[in-house]
Amino acid sequence: MAAAPPASIPRHLAVIMDGNGRWAERRKRPRAIGHRAGARAVNVCIDFCLDKGIGALTLFAFSSENWGRPEEEVGALMKLFLNALEREVDELHRRGVRVRFIGNRERFAAPIRERMDNAEALTAGNTRLHLSIAASSGGRQDIARAARALAADVAAGRLRADDIDEAAVAAKMALADLPAPDLFIRTGGDHRISNFLLWQLAYTELWFTETLWPDLDAALLQEALDDFAGRERRFGLTGAQIAKGPQQSTESTAA
Ligand code: IPE
Ligand code: IPE
Ligand code: MG
């Protein structure tokens, strides 16, 4: 991760990239054109994180539920994924980005799965930006998978049911090795989580914008960061406790 950015910069940014379809429909174009424009906006977002020293970026690219869209749209998205994996990974590697995919990889066709594996292997040693792409991903599925893994540990005698606490669950969730997202951004005007990172977003600051994802620019992302910098994160404590500094808050939440 980037060396000690100021506290007003999120360590981990999580983004729902929404509004591609409407962007195209407003132009009387097929929705796939919006997804293609959306792929360009992904680069804007990655560039911004590299520029600001944000250490981790998680992008919601395709939800577990998006498989239910019309076949034609899902097909167009799969083609775009494949193209993006072919086109972008070397450049991301060159720029020190570690790429990882979270979600149910089994549902993708073999050529996509292979390229996902290759991208992860190629970039595994990079530390400048930890980029996680949530694809065929859902918060509820992630929680269910963690529960299954814990149940398997109990069945195998590696874990006692009584020892299942927050930390044990957290360790089985996607992105367990990263700090929880500090800031969440959703474009496209809807104010909901849509089954993204349910566990990890518990204390994340939420920021919504009407701007459609393909229209994203650095100025908009800066607006989100400026808003984030002015917020007081209390994690259940009082403002006075937070003002005393992190020592106090760590002791209080450890109880
Ligand atoms: C987000 O844009 C991309 C995916 C869900 C794959 P949408 O396709 O949801 O765009 P809108 O919300 O319909 O405009
Ligand atoms: C969330 O957007 C998923 C992604 C951006 C990948 P959706 O467009 O699928 O969410 P809903 O259907 O509006 O809740
Ligand atoms: Mg949408």
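Below is a summary of the structure that appears in this document. All values derive from a computational prediction rather than experimental measurement.

## Overview of the site of ligand 2
Step number 1: The immediate surroundings of ligand 2 are formed by Ile16, Met17, Asp18, Phe60, Ala61, Phe62, Ser63, Asn66, Arg69, Arg186, Arg192 and Ser194.
Step number 2: Measuring from an oxygen atom of ligand 2, one finds a side-chain N or O atom of aspartate 18 at 3.1 Å.
Step number 3: Side-chain polar atom of arginine 186 to an oxygen atom of ligand 2: 3.3 Å apart, as the coordinates give it.
Step number 4: When ligand 2 is considered free in solution it has 390 Å² of accessible area, and contact with the protein chains removes 78% of it.
Step number 5: Broken down by element, the shell around ligand 2 gets its largest block of residues, four residues, from strand S2 (residues 56-63).

## Overview of unusual backbone geometry
Step number 1: Although it is not a glycine, leucine 175 sits at a positive phi angle of roughly 65°.
Step number 2: Residue placement: leucine 175 occurs in the loop between helix H6 (166-172) and strand S5 (183-186).
Step number 3: One non-glycine residue, serine 194, lies in positive phi territory at about 50°.
Step number 4: Locating serine 194 in the fold gives a position in the loop between S5 and strand S6 (205-208).

## Structural notes on the packing of helix H3 (residues 71-94) against helix H4 (residues 110-123)
Step number 1: Contact geometry for H3 and H4: axes closest at 10 Å, N-to-C directions at 15°. Here H4 runs roughly parallel to H3, going by the angle between their axes. For the pair H3 and H4, the sense of crossing is left-handed. Contact residues: H3 offers Met78, Phe81, Leu82, Leu85, Glu86, Val89, Asp90 and His93, while H4 offers Pro111, Ile112, Arg115, Met116, Ala119, Leu122 and Thr123.
Step number 2: Residues that form the contact of H3 with H4 fall into these classes: 10 nonpolar, two polar and three charged.

Calculation rules
Residues numbered from 1 in each chain as written. Chains lettered and ligands numbered in written order. Predicted model: local features only at pLDDT ≥ 70, side-chain atom pairs only at ≥ 80, totals over all residues. Heavy atoms only, no water. Near = heavy atom within 4 Å. Polar contact = N/O pair within 3.5 Å; in protein donor to acceptor, adjacent residues only side chain to side chain. Areas by Shrake-Rupley, 256 points an atom, 1.4 Å probe, with all protein chains shown as cover. Helix = DSSP H or I, 4+ residues; strand = E, 2+ residues; numbered from the N terminus. Axes fitted to C-alpha atoms, helices over the stretch in contact; angles between N-to-C directions. Parallel < 35°, antiparallel > 145°, perpendicular 65-115°, else oblique. Left-handed = near helix turned anticlockwise from the far one by under 90°. Contact = heavy atoms within 4.5 Å. Nonpolar A, V, L, I, M, F, W, Y, C, P; charged D, E, K, R; others polar.

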